[in-house]
Amino acid sequence: MVKVEVPEVTSADDRVVAVAAQLFLRDGVEQVKMTDIAREAGVGVATIYRHFQTKTRLAAEAGTLLWGMFADEVAKLIESDAFLEMSGIDRLAALFGEISRVYVERPEFVVFLNGFDRLMLDEHVDARDLSAYGQTIDSFYVVFEDAYQLGRADGTVACDLDFRVFYHAIAHALMGAAQKFVRGGVIPSDAESDGSAEIECIVETAVRSLRVAR
């Protein structure tokens, strides 16, 4: 996730978005200026403003690219023979585990997401202007829902619940925990916390709450 491929053949706009994503990951959304992106991409800053109008729009394009890269990694998992042989509950464990792995191993992505949310809120960006960004994130839900339905069918998932609510609750808990630990501690007891262990605990608790008792 740290290295974003900069397109060589595709459009200049694609190159600008990829360069912006690289800089946002490396330096943080708040610190990167449009002039920084223009210089790194080798284009005039006026060209970037003409094509993207604002930094928020460019950040949304970069965020969509980064979530798309994450989706590609999930696609490799769900297309593997090992995944296809799993029960429903084991697929859910693998999927939630993949999210937690990325959050733990790629803190710069978590930092980007935190900065992105703050920028969008500060600029009062209309949710309708983030439809492509939101659709990329929402595409993960279908994979989890399929695993849940398989688990209900194969008898490995015990709970009949509103899975959409459950999914968002766990996804938000994982994101909140990840953002907490990349920001750093505030109170003395925070120093005693193991961020990766707590994120893993959220996943284990979620899966255990769904799994049929043995």
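So, a few notes on the structure that sits alongside this text.

**Digging into the overall build of the protein**
Logical step 1: Each helix and strand in the protein was counted, giving 10 helices and 0 strands.
Logical step 2: The N-to-C order of helical and strand elements in the protein reads α-α-α-α-α-α-α-α-α-α.
Logical step 3: Projected onto its principal axes, the C-alpha coordinates of the protein cover approximately 65 × 45 × 30 Å.
Logical step 4: For the protein, buried positions account for 41% of its 214 residues.
Logical step 5: Within the protein, contacts between residues separated by at least 24 positions form 68% of all contacts whose residues are at least 6 apart in sequence.
Logical step 6: Only carbon and sulfur atoms are counted for the fraction: they give 54% of the accessible area of the protein, which is about 11600 Å².
Logical step 7: Separation between the mean location of the 21 positive side-chain charges and that of the 35 negative ones in the protein comes to 3 Å.

**Structural notes on the nonpolar core**
Logical step 1: Judged by nonpolar contacts, the single largest core of 61 residues is most densely connected at Phe24, Ile37, Leu58, Leu92, Phe112 and Phe144.
Logical step 2: Residue contacts for Phe112: discarding those within four places in its chain leaves Phe24, Leu25, Val29, Ala59, Gly63 and Leu66.

**Notes on unusual backbone geometry**
Logical step 1: Phi at Gln53 is positive, roughly 65 degrees, even though this residue is not glycine.
Logical step 2: Relative to the elements of secondary structure, Gln53 occurs in the loop between helix H3 (45-52) and helix H4 (55-78).
Logical step 3: The partly exposed category is assigned to Gln53, whose relative accessible area is 37%.
Logical step 4: The backbone phi angle of His124 is positive, close to 55 degrees, even though this residue is not glycine.

**Overview of the packing of aromatic side chains**
Logical step 1: Taken as a whole and judged by the stated rule, the model has 14 aromatic pairs.
Logical step 2: Ring geometry for Trp67 versus Phe109: centroids 5.2 Å apart, planes at 70 degrees, classification edge-to-face. Remark: Phe109 occurs in helix H7 (residues 107-122) and Trp67 occurs in helix H4; sequence separation between them is 42 residues.
Logical step 3: According to the relative accessible area criterion, Phe109 is buried, its value standing at 0%.
Logical step 4: Between Trp67 and Phe140 the ring centres are 5.8 Å apart and the planes differ by 70 degrees, which places this aromatic pair in the edge-to-face class. Note that Trp67 is positioned in helix H4 and Phe140 in helix H8 (residues 131-154), a separation of 73 residues in sequence.
Logical step 5: Judged by its relative accessible area of 7%, Trp67 falls in the buried class.
Logical step 6: Cluster of aromatic residues (ring-pair linked, three or more members): Phe96, Tyr141, Phe144, Tyr148, Phe163, Phe166 and Tyr167.

Rules used throughout
- Residues numbered from 1 in each chain as written.
- Predicted model: local features only at pLDDT ≥ 70, side-chain atom pairs only at ≥ 80, totals over all residues.
- Heavy atoms only, no water.
- Helix = DSSP H or I, 4+ residues; strand = E, 2+ residues; numbered from the N terminus.
- Buried < 20%, exposed > 50% of the residue type's maximum accessible area, 1.4 Å probe, protein only.
- Contact = heavy atoms within 4.5 Å.
- Areas by Shrake-Rupley, 256 points an atom, 1.4 Å probe, with all protein chains shown as cover.
- Lys, Arg positive; Asp, Glu negative; His and termini not counted.
- Charge placed at Lys NZ, Arg CZ, Asp CG, Glu CD.
- Core = buried A, V, L, I, M, F, W, Y, C linked by side-chain atoms within 4.5 Å.
- Phe/Tyr/Trp six-rings, centres within 6.5 Å; stacked < 30°, edge-to-face > 60°.

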